[in-house]
Amino acid sequence: MKEIVVISGKGGTGKTSLVAAFACLADRPVLADCDVDAADLYLVLEPHILRQEDFSGGKQAKIISERCDGCGICMEVCRFDAVKKDIHPDNPGQMKYIIDPIACEGCGVCVYFCPQKAIDFDPPINGKWFISDTRVGPMVHARLGIAEENSGKLVTLVRSEARRIAEENGHPYLLVDGPPGIGCPVIASITGADLVVVVTEPTVSGEHDLDRVHKLSSHFGVPTVVCINKHDINPEVTERIFEESRKNDMPVVGKIRYDNSFTKAQIMKSSVIEYTHGPVVEDVKETWAGILGAL
Amino acid sequence: MSIVVVASGKGGTGKTTIATNLAQIAGLLGEHVVYLDCDVEEPNGHLFLRPDMTKNIPVGIPVPKVDDEKCTYCGLCADICQYSAIVCIKDKVLTFPDLCHACGGCTRVCPTDAITEVERTLGVVEEGLSDNIKFIHGILNIGEAMSPPLIRAVRAEGDKEGLQIIDAPPGTSCPVITAINRADFVLLVTEPTPFGLNDLGLAIDTVRQLGLPHAVVVNRSDPDNKIARDFCRERGVDIIAEIPDDRRIAEAYSQGELIIGALPEYKETFIELFENIEELLSTAKVE
């Protein structure tokens, strides 16, 4: 089984549309949507959910106000500015402390040092993950709760479930739709993968972000190839990306023309492969062949 | 002082385009502008505002260092740590600085004062000037997972007065929250596609959870723009600007040019957007 992770550094270069298209070309793939912050692959693949589980990434502190005597030690020891103080509603001479769940990092320092043992420390449910069936194959996806942390942990969970399904059922490919950026969820998406495909675009931002994302994949020793989407928007930058990639041992496996079939396909809940027979389909097929060649 | 954040759930909808053009137009209108690029994983604002950098400040977090002479291997440090960043095995204490969130729990709990804190660098904050705009951005080190402390450092460098325009990272989790928390106003940039609107919905949920005033800019809009307008009406949020799907804008962007520089006919659009924001800011502050 080969695991192919599609990332981009810069957002909006076409990761999800291309993953949906590759899924239609791949031999019996398993899919994983690791952009758990803003998951979109389900909008095209319309998964039928078979199993749904809660996700809990870490613990969260909560002050039990009846037990709190207002000493304020929790506020002193918190480094995340998560403890707020207010006048106690029943006793104006006393202070009341509460924890801002958004600012709380779940370190538990306040819990340990509270002399009244007045702080609860339980794992909240901060997301859901799903195993589903789609018209192109099994898919593992997730939804991180709004304003929640630990997206890296949820990504790791989605990937390992998808891997398990692929290995148990002898699927030859696992296609991962990755998050944008180069931080925690991206690192969790690419470590140990067989191949990273960076989808970029010929803009100064695309070029800049490609360089950073390539340094990241090299840092973690994952073989990396590039796909230039909307290559005809700026042929000069496209040429520069080709040159840089050659120098950096990161082959360009395909370039795809600008085509609004991608948007139209999205509206019809289709991949571009299912939507059209136009010349852009050849671009996508060549890119997929290039990816298989790189494996 | 006002803090305006430009954000979006989905990446690539045009946050940087809106934020940089807005900063430039506000500067031209005589406003004291501070542009803060909080997308520290992939900062791009400098490609458009092209500031002359004057300062470079390394940013780090305090992580534990154990003095073996003083350590009695009691294991309290490992017990309090929620991130497995410090582990005690019989007569050895190991630290994993990459996992440390710098809560200071281990240092505080150690009965023999064997733990001190040393700085671990996460990235740098750079400062400069672009015309009369104060420019600040953060650059996260490659391979670094922990961006919120660097985002906090970028925000801390912002002036206490004037108009702060923050370019936020995409998504809805901790880096975004760190970039938008305690803002006066959030401008949500979307595009009229199913992905764009789905992620706009998540971004609306996020700003509402934080209780922040917000409105929408539709980028790459078509003339009738029905799906975005219907969506925003349903969610009860105002659209305060629409930037048309103009290939010339995409080309200017691809070369690192500001829209209002390359295509002056769009100046009016950004002046209007700026005036709308000013008005919404004053209403939000009265409330």
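Residues numbered from 1 in each chain as written. Chains lettered and ligands numbered in written order. Predicted model: local features only at pLDDT ≥ 70, side-chain atom pairs only at ≥ 80, totals over all residues. Heavy atoms only, no water.

Caption draft 1: Representation of the overall build of chain A in the model. If you tally the helices and strands in chain A, you get 11 helices and 13 strands. By its C-alpha atoms, chain A is 75 × 40 × 35 Å across when sized along the principal axes. Taken across its 295 residues, chain A has 59% of its residues classed as buried. Sequence separation of at least 24 residues holds for 76% of the intrachain contacts in chain A that already meet a minimum separation of 6. Here chain A has roughly 12000 Å² of accessible surface; of this, 50% comes from carbon and sulfur atoms. Side chains of chain A give 31 positive and 42 negative charges; the mean places of these two sets differ by 1 Å. (Helix = DSSP H or I, 4+ residues; strand = E, 2+ residues; numbered from the N terminus. Buried < 20%, exposed > 50% of the residue type's maximum accessible area, 1.4 Å probe, protein only. Contact = heavy atoms within 4.5 Å. Areas by Shrake-Rupley, 256 points an atom, 1.4 Å probe, with all protein chains shown as cover. Lys, Arg positive; Asp, Glu negative; His and termini not counted. Charge placed at Lys NZ, Arg CZ, Asp CG, Glu CD.)

Caption draft 2: Spatial organisation of helix H11 (residues 279–294) of chain A. Over its 16 residues, H11 of chain A runs 23 Å from end to end, which matches the ideal 22 Å to within 8%, given 1.5 Å per residue. When H11 of chain A is considered as a whole, its buried residues turn out to be Val280, Val281, Asp283, Val284, Thr287, Trp288, Gly290 and Ile291 of chain A. (Expected span 1.5 Å × (residues − 1).)

Caption draft 3: A look at the packing of helix H7 (residues 204–219) of chain A against helix H8 (residues 235–247) of chain A. Residues and elements named next belong to chain A. Contact geometry of H7 with H8 gives a least axis separation of 10 Å together with a crossing angle of 10°. Relative to H8, the element H7 lies roughly parallel. Between H7 and H8 lies a crossing whose hand is right-handed. In contact with Val204, Glu207 and Leu210 of H7, H8 contributes Val237, Arg240 and Ile241. When grouped by side-chain class, the residues that make up the contact of H7 with H8 number four nonpolar, no polar and two charged. (Axes fitted to C-alpha atoms, helices over the stretch in contact; angles between N-to-C directions. Parallel < 35°, antiparallel > 145°, perpendicular 65-115°, else oblique. Left-handed = near helix turned anticlockwise from the far one by under 90°. Nonpolar A, V, L, I, M, F, W, Y, C, P; charged D, E, K, R; others polar.)

Caption draft 4: How the structure looks around the pairing of strand E12 (residues 224–229) of chain A. Residues and elements named next belong to chain A. Taking burial as the measure, the six residues of E12 include six buried ones, the bulk of the element. Residue alternation in E12 divides its side chains into two sets, Thr224, Val226 and Ile228 and Val225, Cys227 and Asn229, and both sets are buried. As defined by bridge partners, strand E11 (residues 195–200) adjoins E12 across five bridges and the pair is classed as parallel. Looking across to E12, one finds that Val196 is bridged to Thr224. (Pairing = 2+ DSSP bridges.)

Caption draft 5: Representation of the sheet that holds strand E10 (residues 214–221) of chain B. Residue and element names in this part refer to chain B. Overall, mixed pairing links the nine strands, which are arranged E3-E6-E7-E2-E8-E1-E9-E10-E11 in an open sheet. The open sheet has two free edges, formed respectively by strand E3 (52–66) and strand E11 (239–244), since each of these has just one partner strand. Each adjacent strand pair in this sheet contributes to an overall mean axis angle of 20°, direction not counted. As paired strands, E3 and strand E6 (residues 115–130) are joined by 14 bridges and run antiparallel to one another. When the sheet's bridge partners are listed, Lys55 is paired in E6 with Glu127. Lying on the sheet, helix H7 (residues 194–210) is in contact with strand E9 (185–190) and E10; it crosses E9 at an angle near 170°.

Caption draft 6: Just the interface of chain A and chain B, in detail. Taken together, the contacts link 63 residues of chain A with 57 residues of chain B. Of the roughly 4800 Å² buried where chain A meets chain B, counting both sides, 56% is carbon and sulfur surface. Per-residue buried area on chain A facing chain B is highest for Arg79, Ile146 and Arg212 of chain A; these three make up 13% of the total on that side. If you look at where chain A meets chain B, you find three salt bridges. Residue Asp81 of chain A pairs with Arg182 of chain B through a salt bridge whose shortest N-O separation is 3.6 Å. Counting across the interface, chain A meets chain B through 27 residue pairs in polar contact (both at pLDDT 80 or more). When residues of the side of chain A that touches chain B are traced back to their parent elements, those giving at least two are helix H1 (15–25), helix H2 (41–45), helix H3 (73–77), helix H4 (109–113), strand E9 (137–144), helix H6 (184–190), H7 and helix H9 (261–267) of chain A. Residue contributions to the side of chain A that touches chain B peak at nine residues, all from H7 of chain A. (Buried area = accessible area lost by both parts, 1.4 Å probe. Salt bridge = Lys/Arg side-chain N within 4 Å of Asp/Glu carboxyl O. Polar contact = N/O pair within 3.5 Å; in protein donor to acceptor, adjacent residues only side chain to side chain.)

Caption draft 7: Quick look at the domain arrangement of chain B. By domain assignment, chain B separates into domain 1 (2–59 + 122–286) and domain 2 (68–113). When each unit is reduced to the centre of its C-alpha atoms, the spacing between domain 1 of chain B and domain 2 of chain B is 40 Å. (Domains from an automatic or database assignment.)

Caption draft 8: Seen up close, the state of the cysteines. Residue and element names in this part refer to chain A. Applying the stated criterion to the full structure yields zero disulfides over all chains. The cysteine Cys68 is free of any disulfide, with Cys74 supplying the nearest cysteine sulfur at 6.3 Å. For Cys68, a relative accessible area of 17% gives the class buried. Unpaired in terms of disulfides, Cys227 finds its nearest cysteine sulfur in Cys24, a separation of 16 Å. (Disulfide = S-S within 2.5 Å.)

Caption draft 9: Quick look at the sheet that holds E9 of chain A. All names here are of chain A. Strand order in the open sheet formed by nine strands is E3-E8-E9-E2-E10-E1-E11-E12-E13, and the pairing between neighbours is mixed. Lying at the two open borders of the sheet, with one neighbouring strand each, are strand E3 (48–55) and strand E13 (252–256). Neighbour-to-neighbour, the strand axes of this sheet turn through a mean angle of 20°, independent of strand direction. Against the sheet, H8 contacts E11, E12 and E13, and its axis sits at roughly 175° relative to E12. Packing against the sheet, H11 makes contact with strand E1 (2–7), strand E10 (173–177), E11, E12 and E13, and its axis sits at approximately 170° to E13.

Caption draft 10: Region of the structure containing a negative patch on the surface. On the surface, Glu268, Glu272, Glu275 and Glu278 of chain B cluster together to form a negatively charged patch. Along the chain, the position of Glu268 of chain B falls in helix H11 (residues 267–286). (Patch = residues over 30% accessible without salt bridge, like charges linked within 9 Å, V, L, I, M, F, W, Y side chains within 5 Å.)

Caption draft 11: Spatial organisation of the pattern of salt bridges. Using the criterion set out here, one finds 29 salt bridges over all chains in the structure. A salt bridge links Glu3 of chain A to Arg163 of chain A; its shortest N-O distance comes to 2.9 Å. Note that Glu3 of chain A is positioned in strand E1 and Arg163 of chain A in helix H5 (residues 151–168), a separation of 160 residues in sequence. Residue class for Arg163 of chain A comes out partly exposed when judged on its relative accessible area of 24%. Two residues, Asp230 of chain B and Arg233 of chain B, come together in a salt bridge whose shortest N-O distance is 3.3 Å. Placement of both Asp230 of chain B and Arg233 of chain B in helix H8 (residues 226–235) is noted, with a separation of three residues, approximately one turn of the helix.

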